[in-house]
Amino acid sequence: MSLLSKGDSIQIREVWNDNLEEEFAMIREIIDDFPYFAMDTEFPGIVLRLLVLTFWDDQGNLPTCGTDKFCIWQFNFRELNVNDDVFANDSVELLNTEWYRF
């Protein structure tokens, strides 16, 4: 099983409405070789800002997406409006902490 070393670089591919189709096309290109994935999201009542997808193969290798860095995808769905949207207060507090905003 492959593990990332401290020197390995990871590129976070930010996905927004304007590049969604392009990033889905890249995921379609790698999915046969990297069929396993993990998803992480913060759920404050609705999907707030991000959902992270990480793909890997049966050896634990991550895709490089044609670069010298491993890549993962961060999907940005929408902004939360605390005046209009229903939300979980503890989740919003977590998202507003300094350590969460790497």
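In this text, all values refer to a predicted model and were calculated from it rather than measured experimentally.

The rules we used
Residues numbered from 1 in each chain as written. Predicted model: local features only at pLDDT ≥ 70, side-chain atom pairs only at ≥ 80, totals over all residues. Heavy atoms only, no water. Helix = DSSP H or I, 4+ residues; strand = E, 2+ residues; numbered from the N terminus. Buried < 20%, exposed > 50% of the residue type's maximum accessible area, 1.4 Å probe, protein only. Contact = heavy atoms within 4.5 Å. Pairing = 2+ DSSP bridges. pLDDT = per-residue confidence, 0-100. Salt bridge = Lys/Arg side-chain N within 4 Å of Asp/Glu carboxyl O. Core = buried A, V, L, I, M, F, W, Y, C linked by side-chain atoms within 4.5 Å. Phe/Tyr/Trp six-rings, centres within 6.5 Å; stacked < 30°, edge-to-face > 60°.

Along the chain, the regular secondary structure elements total two helices and four strands. For the chain, the sequential pattern of α-helices and β-strands runs β-α-β-β-β-α. Relative to its 102 residues, the chain shows a buried fraction of 33%. Of all intrachain contacts in the chain linking residues separated by at least 6 positions in sequence, the fraction that spans at least 24 positions is 56%.

Along strand β4 (residues 70–76), seven of the seven residues are buried, which leaves the element largely enclosed by surrounding structure. Of the pairings in the sheet, the one linking strand β1 (residues 10–15) to β4 comprises six bridges and is parallel in character. When the sheet's bridge partners are listed, isoleucine 12 is paired in β4 with isoleucine 72.

Another aspect to go through is the environment of tyrosine 36. Relative to the elements of secondary structure, tyrosine 36 occurs in strand β2 (residues 36–41). For the pair tyrosine 36 and leucine 62, spaced 26 residues apart in sequence, the C-alpha to C-alpha distance is 9.7 Å. Ignoring any residue separated from it by four or fewer positions in sequence, one finds tyrosine 36 in contact with Thr54, Phe55, Trp56, Asp57 and Asp58.

With that out of the way, let us pick up the confidence of the model for the chain. Residues of the chain with pLDDT of at least 70 account for 69%, and the chain-wide mean is 79. When pLDDT is averaged over each helix and strand of the chain, the minimum, 71, is found for helix α2 (residues 89–95) and the maximum, 95, for helix α1 (residues 20–30).

The next subject is the pattern of salt bridges. The final tally for this structure, using the stated rule, is one salt bridge. One salt bridge connects arginine 13 with glutamate 23, and the closest N-O pair in it is separated by 2.7 Å. With arginine 13 in strand β1 and glutamate 23 in helix α1, the pair connects residues that are 10 residues apart, well separated along the chain. Both residues of the pair, arginine 13 and glutamate 23, count as buried.

The next thing to look at is the nonpolar core. In this structure, Val15, Met26, Ile27, Ile30, Phe34, Leu51, Leu53, Phe55, Cys65, Cys71, Trp73 and Phe75 together form the largest nonpolar core, which totals 12 residues. Going through the elements one at a time, α1, β3 (50–56) and β4 are the ones with two or more residues in this core. The residues touching cysteine 65, leaving out its near neighbours within four places in the chain, are Arg13, Met26, Cys71 and Trp73.

To continue, consider the packing of aromatic side chains. Scanning all chains against the criterion turns up four aromatic pairs. Summarising the aromatic geometry, the rings of tyrosine 36 and tryptophan 56 are spaced 6.4 Å apart at their centres and angled 20° between planes, so their arrangement reads as stacked. You can see tyrosine 36 sitting in strand β2 and its partner tryptophan 56 sitting in strand β3, a full 20 residues away along the chain. Residue tyrosine 36 is classed as partly exposed on the basis of its relative accessible area of 41%. A relative accessible area of 28% places tryptophan 56 in the partly exposed class. Ring centres of phenylalanine 37 and phenylalanine 55 lie 6.0 Å apart, and the angle between their planes is 40°; this geometry places the pair in the tilted category. Here phenylalanine 55 lies in strand β3 and phenylalanine 37 lies in strand β2, a separation of 18 residues in the sequence. Residue classification places phenylalanine 55 among the buried residues on the basis of a relative accessible area of 4%. Within the aromatic cluster, the residues linked to one another by ring pairs are Phe37, Phe55 and Trp73.

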